[in-house]
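# Overview (structure and organization)
What follows is the residue order along each chain.
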Amino acid sequence: MATNYFSFAKILILFSFIYPILISNAYSSKPYELVNQACHKNANVKFCMDVLKSDINSKFAKNFTTLAKIAVNVAIRYSTRTRDHFQGVKTGPPGVLKSLKECIPAYNTVIMEFKVCFNEDECGLVRYDILVAGDEAERCQRIADFNGAQDSFITPTNNVTLEFVRLGSSLVDLTCSEM
Ligand SMILES: *[C@@H]1O[C@H](CO)[C@@H](O)[C@H](O)[C@H]1NC(C)=O
Ligand SMILES: *[C@@H]1O[C@H](CO)[C@@H](O)[C@H](O)[C@H]1NC(C)=O
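Scope of this entry: the structure provided in the associated data block. These numbers were taken from a predicted model, which means no experiment stands behind them.

Cut-offs and rules
Residues numbered from 1 in each chain as written. Chains lettered and ligands numbered in written order. Predicted model: local features only at pLDDT ≥ 70, side-chain atom pairs only at ≥ 80, totals over all residues. Heavy atoms only, no water. Near = heavy atom within 4 Å. Polar contact = N/O pair within 3.5 Å; in protein donor to acceptor, adjacent residues only side chain to side chain. Areas by Shrake-Rupley, 256 points an atom, 1.4 Å probe, with all protein chains shown as cover. Phe/Tyr/Trp six-rings, centres within 6.5 Å; stacked < 30°, edge-to-face > 60°. Helix = DSSP H or I, 4+ residues; strand = E, 2+ residues; numbered from the N terminus. Lys NZ or Arg CZ within 6 Å of the ring centre and 35° of its normal. Contact = heavy atoms within 4.5 Å. Axes fitted to C-alpha atoms, helices over the stretch in contact; angles between N-to-C directions. Parallel < 35°, antiparallel > 145°, perpendicular 65-115°, else oblique. Nonpolar A, V, L, I, M, F, W, Y, C, P; charged D, E, K, R; others polar. Left-handed = near helix turned anticlockwise from the far one by under 90°. Disulfide = S-S within 2.5 Å. Buried < 20%, exposed > 50% of the residue type's maximum accessible area, 1.4 Å probe, protein only.

Next up on the list: the site of ligand 2. Within the structure, ligand 2 sits among Thr155, Pro156 and Asn159. Interatomic distance of 2.4 Å between a side-chain N/O atom of Asn159 and an oxygen atom of ligand 2. Contact with the protein chains hides 27% of the accessible area of ligand 2, taken as 370 Å² for the molecule alone.

Another point: the packing of aromatic side chains. For any pair of aromatic rings, the description consists of the separation of the ring centres together with the inter-plane angle of the planes. Applying the stated rule across the entire model yields 4 aromatic pairs. On the basis of an interplanar angle of 55 degrees and a centroid distance of 6.1 Å, the ring pair of Phe86 and Phe153 is categorised as tilted. On the criterion of sequence distance, the pair formed by Phe86 in helix 4 (residues 64-88) and Phe153 in the loop between helix 6 (123-146) and helix 7 (154-178) is long-range, its members being 67 residues apart. Among the aromatic residues, those joined into a ring-pair cluster are Phe47, Tyr78 and Phe164. One cation-aromatic arrangement involves Lys53 over Tyr32; the distance from NZ or CZ to the ring centre is 4.7 Å.

Attention shifts here to the side chain of Glu136. Looking at where Glu136 falls in the secondary structure, it is placed in helix 6. The residues touching Glu136, leaving out its near neighbours within four places in the chain, are Ala106, Thr109 and Val110.

In this section: the packing of helix 3 (residues 45-53) against helix 7. Running from N to C, helix 3 and helix 7 point in directions that differ by 80 degrees, and their axes come no closer than 11 Å. With respect to helix 7, the element helix 3 is oriented roughly perpendicular. Counting all contacts with helix 3, which are made through Phe47, Cys48, Val51 and Leu52, the residues of helix 7 involved are Val160, Glu163, Phe164, Leu167 and Leu171. Class assignment for the residues of the contact of helix 3 with helix 7 results in 8 nonpolar, no polar and 1 charged.

Further remarks concern the packing of helix 6 against helix 7. Two elements in contact, helix 6 and helix 7, have axes whose closest approach is 9 Å; the angle formed by their N-to-C orientations is 165 degrees. With respect to helix 7, the element helix 6 is oriented roughly antiparallel. Judged by the twist between their axes, the crossing of helix 6 over helix 7 is left-handed. Tallied by class, residues from the contact of helix 6 with helix 7 come to 13 nonpolar, 8 polar and 3 charged.

Right, let's get into the state of the cysteines. Tallying each qualifying case throughout the model produces 3 disulfides. The disulfide partner of Cys39 is Cys48, and the S-S distance across this bridge is 2.0 Å. Linking Cys39 and Cys48, the disulfide has an S-S dihedral of approximately -80 degrees and is accordingly described as left-handed. In this pair, the class of Cys39 matches that of Cys48, namely buried. A sulfur-sulfur separation of 2.2 Å characterises the disulfide bridge that pairs Cys103 with Cys140. Across the S-S bond linking Cys103 and Cys140, the dihedral sits near 100 degrees, which makes this disulfide right-handed. Here Cys140 lies in helix 6 and Cys103 lies in helix 5 (residues 94-116), a separation of 37 residues in the sequence. Using a relative accessible area of 0% as the deciding quantity, one classes Cys103 as buried. With relative accessibility at 0%, the residue Cys140 sits in the buried group. The cystine pairing of the chain, numbering bonded cysteines in sequence order, is 1-2, 3-5, 4-6.

A few words on the site of ligand 1. What surrounds ligand 1 is the set Asn63, Thr65 and Thr66. Separating an oxygen atom of ligand 1 from a side-chain N or O atom of Asn63 is a distance of 2.3 Å. Coverage of ligand 1 by the protein amounts to 35% of the 370 Å² it exposes when considered alone.

Pasting the structure below:
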């Protein structure tokens, strides 16, 4: 009996320590707190929200690095689908087909830069890799403009890639501030 009472007291004491910790955690991490904080500094708030909320890991993210990695991962999936779509186009106006021949290798570089950026050990270089991805999307756009393909699907596609570049680099800027 005495031992039973003793262990009950121990549990009570333990609980009295744990309980305030549980309470304080529940209040200090509201869902999407960091997402809201990051996206309201962003030029395109809706795009930022949509991209980050597409990954459940953003919900209780503890730092901006987690959010930047989510955005870059979504950008990798988008640019890979774009490259695959470009490769699948076999018929269309000559200006479009001519542009795609050069935009496919450009997008191979876009994908590669997004994939390697977080291997850099300096956050300025992470940002640099993302901006190089943007240069390649802009190069694809200049080629499309030159070939008279500016009114084709190539333009909105590049615009979305450039949105990812702006989002990624702005999140990496926040990451740099926490390193
Ligand atoms: C950010 O949070 C993740 C997961 O909670 C953690 O693994 C990582 O080390 C943190 N990074 C920084 C830079 O604090
Ligand atoms: C693409 O972006 C450019 C520059 O921001 C803009 O002028 C153009 O209207 C956009 N086009 C499409 C189809 O989204």
